[in-house]
Structure formats: C-alpha cells, structure tokens
Amino acid sequence: MAMAGDRGQAVPTPGITVVLPSILQPLAGGQSILTAPADRPVTVAELLDALTADYAVLARRLRDETGALRRFVNIYVDGDEVRRLQGLETEVSPGQEVLVIQSVAGG
Amino acid sequence: MVGMTTAESFVLAIGTKKGLWLATSQDRREWSFTGPHFLMSEIPSIGIDTRNGRTRIMVGVRNEHWGPTVAHSDDLGATWSEPEQGAIRFPEDTGAALERIWQIYPDAESRPGVVWAGAEPISVWKSTDGGEHFELNRGLWDHPHRSEWGAGYGGAAAHSIVVHPARETVHVAMSTGGVYRSLDGGASWEARNRGISAYFMPDPNPEFGQCVHKIAADAAVDGRLYAQNHHGVYRTDDNAETWNSIAEGLPADFGFVMLTHPRREGTAWVVPLKADGERIPPNGELAVHRTDDAGGSWKRLSNGLPTGEYNSVLRDAASVDTAEPAGVYFGTRGGNVYASADEGETFTEVAAHLPDVLCVRAAVVAGA
C-alpha cells in the first residue's frame, strides 16, 4: 500500500476507510469499503456526512433524522465502539479504519 | 361470483414481524403468494391504493437495526421504491425522530393523490403525491395535550385515521390519548371522548387519555363511527360528540380490531379478547363478531376458524375488501391468516405459521 511520503511514488490523497456490512453494501453502489479523503482528524459524524452524501438511503439506515446513531448500529474505530469513546464526536485520523457492524439483536 | 367481472381480482397483503407476504386470488379462496418481502423487517402498516388507475402497495417498514421507512410498489411487489430522503421525516425543529409507521390510509376517490399516515411518536402525516412524501400535521403535533399523552404497551402512536370522503372532517385515534377530531382538514384538533371510559385513570371519564384501540366509520350513516377500546366497544352518531356503549352481547368488551362494511349501514366486525388478565380469545375459542344493526346485537362467526386458539389479533391485523359480498380478513399473532368471502359467515385459512401478523389489508383490483 502506498503511503504518503514514499519516495518515487505519487502521493495519494490520505483518507479514512469505512467498512460496511454486506447487508448495507447495495445502498453504497455495491461497495464494501468507502473511503473519505481526509488530511486531518475528523469526527465520526463528519465522516458519515461525507461518506453518505451521495447515498441518502444508507445515511438513513445508520442515523435517524436528528443525526443520532441508530440504537443497534455500532461503529468501531480501530476496534473500539464509539459509544465507549465520544460517540459521533469521536475523532478519527487518516489511516484509521472504521467498521460499521450491526448489533447481534432481535429474535 | 356476484358483482364481479373477470377483469377483477383480489390482493391480500400480510405484514408480519419478519416481513411482508402478498397474495392474489380470483375467487378469495385460492391464493397465490409471494414473499417474504423485506425479510427480517416488521411491517406494521400497509395501504393498498387502487386510485389513479393503478394498484400501489405502500408499506411501513421497520428494521430493528436500520430503522423505519416507507416503501411502495406499483407492480404487486416485484419492485419496491423508497424516496432517497425518506417519505416520512420529522422536521428539524421538532427534534423528533420517526420510530414506526402505524397507519397508511389512502384518502377518498375525490382526493386521488392524498394518503395519510399515523406514526410513533404520536403524529399524523399527509401526502399529496400518492404516498411518496408526507408532511407533518402541525396542528396535532403542536396540540397542548401532547405532553399528557402516554404510551401504551406497543408505543405511543396515532394508529387510526378516518377521513370524511366529502367534508374536511378527520378523526384520529391514538394510544393513549383517545379520539381527536378536526373539522378543518387537520388544521385544528379537539379531543372527542365523551362517554368513553378510561377506567385505568384516576378520573375514569377524562376529556382525553382514553386507550382507544381502533376506530372506523359507518360508510352509510354520516357522523356515525365505531370504536374498540381498551375495554369498551362504542358508537357515536353525532360525529364523536358523544359515545355510547354497544358492548352488550359480546363475550368480551376488549379487543383491538374494528372494521366497518364498505357500503352497508350498521355493519361492523370486532374480534373480542378476554382481558386484562388473559389477552386471548374467550375460552381459547377464536371468533369474529358482526353486528348488522349498529351494535344493537352481535352474531358470533367462527365457521372455519380453529378451536383452541391462544393468540390475539392486533388492531391492524384485520381488513375488509370492497367486493359484494364484502370479504373479511384477519391474522393472529400465531401467524395464521383467515379469509371470508361472505362477510364472515365462513372463513378459510389462507396462511399458517407465519411470524406474528401485524397488519392485513385486502383490495379488489383490476387485473392482477
């Protein structure tokens, strides 16, 4: 993987990748990974805003119209669920990986 | 078949805890099913809109993970659409978020693009584009009673909407809050519960706070409506100014369902349940009860229904069609669905072992 600053190569735009569960991928044009360009830390809310700008239905599946994360949607930043951090205000830095995983819930 | 032409057939939509099943029939006895659609999402509300020269099926979908939305299909479920921004979306200033769509109600033929919706949190919505986008009814949202409305076991929702086909009169029923009436198309609302008991409250006859389960209008008598309450079956003949009990003759005054005939005066159906302690058909014997005299007397209808049934029938898990004679349909929380092509005189089981049935709707359609 090319890293920023590798000699002799074009410098890629730094970004933050978000991995979607398979059930949501059809709402993102079939993509399993979305990448938001970012050259500085952004909040999870800002990250979701950017990534779902073109995928309005996906946006509604993750958050309600007040912007709150749906109860059984979990977002992990480098393995930590954001509710245990600062929620949607949790900052994510370029290079970090974000996972969207639904809770094991229901019957 | 009386009153039918070969160009007509029937559509039955069954919303369950884990998806939607659709069926078509030529005779209301043999049904061809598709589904599950929306597998693992609950379908608490369905509207079948046969106006505008097409059959549009609208469904309130709610997924435990991904939230609620409204989808519609104009090809009997072959494909589904939902607006990018959602058909029902609380305005930002309300600070509210949609939880569940409890009711989708196509308006009269005279208002061909209008569809109403009732939702949780307690709210009424109106679409003028055939159910693709709804606008929040501000009159009810801003009602001064709002802070005192409560939540029943299933949530706090506006679950019944009855719109007068010619005038600007709208009745809404909510749990808990009771019946509210608008005479100006929904701009302003007043509680209209006089005569309906709220035995579970300190004042058993409050202005509002009743736990009405379902209301339906008499199609032939102006100003007459019927209500199935959390205990109590009622009728009003004066546009909900006063309600009077019509429970005498029923084996139980509790239940969730209230259906009225599409044309005939005085005809309504209920499905009594014993309560509060049991919440099952009385003695485990499932039966529909029909009145043909506006609640003066009730006829028990159980031909074709099982004995030993311990599941309840929820408020929207029942429907009538508009054929002659009218069809009656209902489903249980045990996942069985029954249909009658003769106004309830005889039922046949059309589906079994589905997930909990939350909503049933039936319609006469062209073709299919």
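How each quantity is defined
Each residue is numbered by its place in its chain's sequence as written, counting from 1. To label them, take the chains in the order written and letter them from A, then take the ligands in the order written and number them from 1. Predicted model: local features are reported for residues with pLDDT of at least 70 only, side-chain atom pairs are reported and counted for 80 or more only, and whole-chain, interface and lining totals are derived from all residues. Runs of H or I in DSSP of at least four residues are treated as helices and runs of E of at least two as strands, each being numbered from the N terminus. Counting other C-beta atoms within 10 Å of each residue's C-beta, where C-beta atoms are placed from the backbone, gives the exposure class: buried for 20 or more, exposed for 12 or fewer, partly exposed between. By the convention adopted here, residues are in contact when the distance between their C-beta atoms, placed from the backbone, does not exceed 7 Å. Should DSSP find at least two bridges between two strands, the strands are regarded as paired. Definition of nonpolar core: a set of buried Ala, Val, Leu, Ile, Met, Phe, Trp, Tyr and Cys residues joined via C-beta atoms within 7 Å. Residues are grouped as follows: Ala, Val, Leu, Ile, Met, Phe, Trp, Tyr, Cys and Pro are nonpolar; Asp, Glu, Lys and Arg are charged; all remaining types, including Gly, are polar. Residue-level confidence of the predictor, termed pLDDT, takes values from 0 up to 100. Directions from the helix axis toward the C-beta atoms define the arc.

> Looking at this structure, how should I read the overall build of chain A?
Scanning chain A from terminus to terminus reveals two helices and seven strands. Ordered by position in the sequence, the α and β elements of chain A form the string β-β-β-α-α-β-β-β-β. When each of the 107 residues of chain A is scored for burial, the buried share is 24%. Taking as baseline every contact in chain A between residues at least 6 positions apart, the subset at least 24 positions apart corresponds to 54%.

> It is not clear to me how the overall build of chain B should be interpreted in this structure. Could you clarify?
When its secondary structure is counted, chain B shows one helix and 29 strands. By its C-alpha atoms, chain B is 50 × 50 × 40 Å across when sized along the principal axes. Across the 368 residues of chain B, 53% fall into the buried class. Residue pairs at least 24 apart in sequence account for 50% of intrachain contacts in chain B once pairs closer than 6 positions are excluded.

> What exactly am I supposed to notice about the sheet that holds strand 2 (residues 33-37) of chain A here?
Sheet strands line up and pair through hydrogen bonds in the backbone, either parallel or antiparallel. Residue and element names in this part refer to chain A. Read across the sheet, five strands follow the order 2-1-7-4-5 without closing on themselves; strand pairing throughout is mixed. Each end of this open sheet is capped by a strand with a single partner; those strands are strand 2 and strand 5 (80-81). Pairing analysis gives five bridges linking strand 1 (residues 15-19) to strand 2, with the strands arranged antiparallel. Following the sheet pairing, Val-19 is matched in strand 2 by Ile-33.

> What is the right way to read the nonpolar core from this model?
Buried together is how nonpolar side chains tend to be arranged in soluble globular proteins. In terms of nonpolar packing, the biggest core is built from 107 residues, with Leu-12, Ile-14, Ala-227 and Val-360 of chain B touching the most fellow members. The element that contributes the greatest number of residues to this core is strand 29 (residues 357-366) of chain B, accounting for seven residues. The residues contacting Val-360 of chain B, other than those within four sequence positions of it, are Ile-14, Ala-317, Ala-318, Ser-319, Tyr-329, Phe-330, Gly-331 and Val-337 of chain B. Judged by nonpolar contacts, the second largest core, of 19 residues, contains Leu-20, Leu-24, Leu-47 and Ile-75 of chain A.

> It is not clear to me how the environment of Val-73 of chain A should be interpreted in this structure. Could you clarify?
Mapped onto the fold, Val-73 of chain A is located in strand 4 (residues 73-77). The exposure class assigned to Val-73 of chain A is partly exposed, which follows from the 19 C-beta atoms found within 10 Å. Each residue touching Val-73 of chain A, except ones within four places of it in the same chain, is listed here: Leu-62, Val-100 and Gln-102 of chain A together with His-65 of chain B.

> How should I be thinking about the sheet that holds strand 16 (residues 225-229) of chain B in this particular structure?
Residues and elements named next belong to chain B. On the basis of which strands lie adjacent, the open sheet formed by four strands has the order 15-16-17-18 and antiparallel pairing. Taken across any chain shown, the strands that pair with only one partner, and hence form the sheet edges, are strand 15 (212-217) and strand 18 (244-245). Two strands pair when backbone bridges link them, and strand 16 and strand 17 (residues 233-236) are joined in this way by four bridges, in the antiparallel orientation. Bridged to Ala-227 within strand 17 is Tyr-234.

> Would you explain the interface of chain B and chain A in this entry?
Across the contact, 14 residues belong to chain B and 15 residues belong to chain A. By residue class, the composition of the side of chain B that touches chain A is four nonpolar, six polar and four charged.

> How do you make sense of the confidence of the model for chain B when you look at a structure like this?
Should the pLDDT be low somewhere, the predicted coordinates at that spot are not to be read in detail. Residue and element names in this part refer to chain B. For chain B, the average pLDDT comes to 95, and 98% of its residues sit at 70 or higher. This model gives residues 1-5 a pLDDT under 50, and the stretch forms six contacts once residues within four places in sequence are excluded. In the predicted complex, the global pTM is 0.94; the interface-specific ipTM is 0.89.

> Can you walk me through the pairing of strand 12 (residues 170-175) of chain B in this structure?
Consecutive residues of a regular strand have side chains that alternate between opposite faces of the sheet. Residues and elements named next belong to chain B. For strand 12, the buried fraction is high: six of the six residues fall into the buried class. Note that strand 11 (residues 157-163) and strand 12 share six bridges and pair antiparallel. Bridge pairing in strand 12 links Ile-161 to Val-172. Counting the residues in the hairpin turn of strand 11 and strand 12 gives six residues. As paired elements, strand 12 and strand 13 (residues 178-182) share five bridges and run antiparallel to each other. Paired with Met-174 across the two strands is Gly-178, which belongs to strand 13. Taking the residues that link successive antiparallel strands as the turn, the strand 12-strand 13 hairpin has two residues.

> Looking at this structure, I do not really get the pairing of strand 13 of chain B. What am I missing?
Residue and element names in this part refer to chain B. Within strand 13, five of the five residues are buried, which leaves it mostly tucked inside the rest of the structure. Bridge count between strand 13 and strand 14 (residues 190-191): two bridges; the pairing is antiparallel. Residue pairing for strand 14: Tyr-180 is matched across the bridge by Ala-191.

> Which parts of the structure should I look at to understand the environment of Arg-100 of chain B?
Residue and element names in this part refer to chain B. Mapping Arg-100 onto the fold places it in strand 7 (residues 100-106). On the basis of neighbour counts, which here come to 20 C-beta atoms within 10 Å, the residue Arg-100 falls in the buried class. Taking the C-alpha atoms as reference points, Arg-100 and Arg-279, separated by 179 residues in sequence, lie 23 Å from one another. Ignoring sequence-local partners within four residues, the contact set of Arg-100 consists of Pro-44, Arg-62, Pro-68, Ala-119, Glu-120, Gly-155 and Ala-157.

> Would you explain helix 1 (residues 44-51) of chain A in this entry?
Owing to its 3.6 residues per turn, the α-helix brings residues three or four apart onto one side. Turning to helix 1 of chain A, its buried residues are Val-44, Leu-47, Leu-48 and Leu-51 of chain A. Taken end-on, helix 1 of chain A shows its buried residues confined to a sector of 95°, consistent with a single buried face.

> What's the story with unusual backbone geometry in this structure? I'm lost.
Excluding glycine, residues mostly have negative phi values, and the peptide bonds linking residues are mostly trans. Residues and elements named next belong to chain B. A cis amide bond links Glu-120 to the next residue, Pro-121, at an omega of 0°. Relative to the helices and strands, Pro-121 resides in the loop between strand 8 (115-120) and strand 9 (123-127). Following Ala-275, the chain continues to Asp-276 via a peptide bond in cis, the omega torsion being -5°. Topologically, Asp-276 is positioned in the loop between strand 22 (272-273) and strand 23 (288-291). Unlike most non-glycine residues, Arg-28 shows phi in positive territory, near 65°. Residue position: Arg-28 is located in the loop between strand 2 (19-25) and strand 3 (32-37).

> Explain the confidence of the model for chain A here, please?
In the predicted model, chain A carries a mean pLDDT of 89, and 85% of its residues have values of at least 70. For residues 1-8 of chain A, every residue scores under 50 in pLDDT, and the model assigns this stretch five contacts once sequence neighbours within four places are set aside.

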